There are 2 protein chains.
Amino acid sequence: AMEKSYMSMFLLLIAISCALAKDAAKKETKETKETTAKPKLPQTLSRGWGDQLIWTQTYEEALFRSKHSNKPLMIIHHLDDCPHSQALKKAFAENKDVQKLAEKFILLNLVYETTDKNLAPDGQYVPRILFIDPSLTVRADITGRYSNRLYAYEPTDISLLHSNMQKALKLLKTEL
Amino acid sequence: AMEKSYMSMFLLLIAISCALAKDAAKKETKETKETTAKPKLPQTLSRGWGDQLIWTQTYEEALFRSKHSNKPLMIIHHLDDCPHSQALKKAFAENKDVQKLAEKFILLNLVYETTDKNLAPDGQYVPRILFIDPSLTVRADITGRYSNRLYAYEPTDISLLHSNMQKALKLLKTEL
């Protein structure tokens with residue numbers, strides 16, 4: 001019961017902090033204008049989730065590559081101004097086992113939602129990690145610890161995420 | 001059906017534009033495997049079209065930003081292994097006037113086609129540059145020199161592209 005109430009407090013916190021997503025995006029648009037004048041490092045496709053990994057740019061590209069390489073697709077939805085996303089990103093980028101295993105996936109991290117409802121089986125929230133089989137089936141069965149946000153992970157869930165990645169690598173259909 | 005349309009779109013893209021595209025994609029997939037082991041520079045959103053400019057990652061993001069910033073959107077379709085795309089990219093990146101003017105746009109460069117047919121008024125080919133008004137109207141009236149590929153530009157067309165960018169900056173609707 002203790003754990004449960006702690007959990008609901010945590011989820012409430014997520015709801016409060018990351019509901020600001022839209023405002024954050026607006027703010028970013030504003031800042032964009034101000035930063036164009038001075039030279040800076042080019043933006044990366046990794047966005048800090050693992051600079052040495054290969055990241056796809058778009059959902060269309062990711063689906064194509066998954067199907068044709070027969071590798072599962074891992075999609076991370078996140079936001080720059082969500083502290084839970086940032087904390088998970090840090091844990092993800094620093095964990096060598098996770099980074100190594102991630103090489104076996106087609107990878108996509110998204111700040112903006114796609115129009116595909118299959119990527120939001122229990123709603124749109126961040127951070128949210130979904131696996132898609134090369135047969136282009138969303139692996140809705142691969143979930144984290146939180147019953148009301150099945151695809152959310154905390155930094156402390158990184159070993160669960162690792163084992164979920166292993167699960168996703170066991171493909172639903174294998175080529176003949 | 002979804003996956004089939006992605007596939008046929010990609011094949012159409014290859015057929016119309018650069019014959020080497022399919023080999024290129026295969027080669028890239030192959031290289032992907034080989035290069036994951038050694039450290040390398042992170043992939044950029046600019047892909048060489050102007051590292052100091054702000055590039056959006058996806059079409060969804062670009063539409064959102066265009067609408068909310070009231071800046072027109074410029075979408076460049078290109079391919080890494082298409083010599084025409086590469087030549088235009090070089091001219092685009094090296095032209096200071098074009099780079100300066102590009103700051104006034106929401107920018108997106110895409111290697112994979114979206115599912116939005118509005119982005120292919122006269123077919124899918126590369127290089128192909130389309131402008132979209134913040135009212136989310138495709139500016140099909142802003143065209144290059146070639147009657148059978150209205151949105152294609154050659155490196156020698158860079159000043160036409162510059163004047164087309166100026167045209168796109170005169171928005172269809174102005175805010176009250």
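Preceding block: the structure.
Residues numbered from 1 in each chain as written. Chains lettered and ligands numbered in written order. Predicted model: local features only at pLDDT ≥ 70, side-chain atom pairs only at ≥ 80, totals over all residues. Heavy atoms only, no water.

Let us now look at the overall build of chain A. A tally of helices and strands in chain A yields 6 helices and 3 strands. For chain A, the α and β elements follow one another from N to C terminus as α-α-α-β-α-α-β-β-α. A buried classification covers 51% of the 176 residues belonging to chain A. Pairs at least 24 residues apart make up 73% of the contacts formed inside chain A by residues separated by at least 6 positions. Of the roughly 9000 Å² of accessible surface on chain A, 56% is carried by carbon and sulfur atoms. (Helix = DSSP H or I, 4+ residues; strand = E, 2+ residues; numbered from the N terminus. Buried < 20%, exposed > 50% of the residue type's maximum accessible area, 1.4 Å probe, protein only. Contact = heavy atoms within 4.5 Å. Areas by Shrake-Rupley, 256 points an atom, 1.4 Å probe, with all protein chains shown as cover.)

Looking now at helix H6 (residues 158–169) of chain A. All names here are of chain A. Between the first and last C-alpha of H6 there are 17 Å, a value that for 12 residues agrees with the 16 Å anticipated at 1.5 Å per step. Inspection of H6 places Ile158, Leu160, Leu161, His162, Asn164, Met165 and Ala168 among the buried residues, and these make up the whole buried set. Where H6 is buried, its residues touch strand S1 (73–77), helix H4 (83–94), helix H5 (96–102) and strand S3 (128–132). (Expected span 1.5 Å × (residues − 1).)

Phe131 of chain A together with Phe92 and Phe131 of chain B are the most contacted members of the largest nonpolar core, which has 46 residues in total. Beyond its immediate stretch of four places on either side in the chain, Phe92 of chain B contacts Trp49, Trp55, Met74, Ile76, Val98, Gln99, Ala102, Ile158 and Leu161 of chain B. In this structure, Ala62, Ile75, Leu119 and Tyr151 of chain A belong to the second largest nonpolar core, which totals 15 residues. (Core = buried A, V, L, I, M, F, W, Y, C linked by side-chain atoms within 4.5 Å.)

Attention shifts here to the sheet that holds S1 of chain A. Residue and element names in this part refer to chain A. With respect to topology, 3 strands assemble into an open sheet ordered S2-S1-S3, the strand pairing being mixed. Looking along the sheet, the strands with just one partner apiece sit at the ends: strand S2 (106–110) and S3. Taking the axes of each pair of neighbouring strands and ignoring which way they run, one obtains an average angle of 15° across the sheet. Across 5 bridges, the pairing between S1 and S3 is antiparallel. Residue pairing in the sheet places Ile75 in a bridge with Leu130 of S3. Of the strands in this sheet, S1, S2 and S3 are in contact with helix H3 (residues 59–69), which crosses S2 at around 165°. (Pairing = 2+ DSSP bridges. Axes fitted to C-alpha atoms, helices over the stretch in contact; angles between N-to-C directions.)

Further remarks concern the packing of aromatic side chains. Scanning the entire structure with this criterion turns up 6 aromatic pairs over all chains. Ring geometry for Trp49 of chain A versus Phe92 of chain A: centroids 5.4 Å apart, planes at 70°, classification edge-to-face. With a gap of 43 residues between them, Trp49 of chain A in the loop between helix H2 (21–35) and H3 and Phe92 of chain A in helix H4 connect regions that are remote in the sequence. Of the two residues examined, Trp49 of chain A and Phe92 of chain A, each falls in the buried class. Ring geometry for Phe64 of chain A against Tyr112 of chain B: centres 5.6 Å apart, planes inclined by 55°, an arrangement best described as tilted. Separated into two different chains, Phe64 of chain A in helix H3 and Tyr112 of chain B in the loop between strand S2 (106–110) and strand S3 (128–132) make up a pair that spans both. (Phe/Tyr/Trp six-rings, centres within 6.5 Å; stacked < 30°, edge-to-face > 60°.)

Turning our eyes to something else, we now look at the pattern of salt bridges. By the definition in use, this model includes 14 salt bridges over all chains. The partner of Arg139 of chain B in a salt bridge is Asp141 of chain B, with the nearest N and O atoms 3.0 Å apart. Taking relative accessible area as the criterion, Asp141 of chain B reaches 46% and is therefore assigned partly exposed. Within the structure, one salt-bridge network assembled from shared partners comprises Arg47 of chain A together with Glu61 and Arg65 of chain B. (Salt bridge = Lys/Arg side-chain N within 4 Å of Asp/Glu carboxyl O.)

Further remarks concern the environment of Ser163 of chain A. With respect to the secondary-structure elements, Ser163 of chain A resides in helix H6. Considering only alpha carbons, one finds Ser163 of chain A and Ile142 of chain A, 21 residues apart in sequence, at a separation of 9.8 Å.

Residue and element names in this part refer to chain B. The 3 strands lie next to each other as S2-S1-S3, forming an open sheet whose pairing is mixed. A single partner strand is all that each edge strand has here, and the edge strands are S2 and S3. Neighbour-to-neighbour, the strand axes of the sheet open up by a mean angle of 15°, direction not taken into account. Helix-sheet contacts for helix H6 (residues 158–169) involve strand S1 (73–77) and S3, and the interaxial angle to S3 is about 20°.

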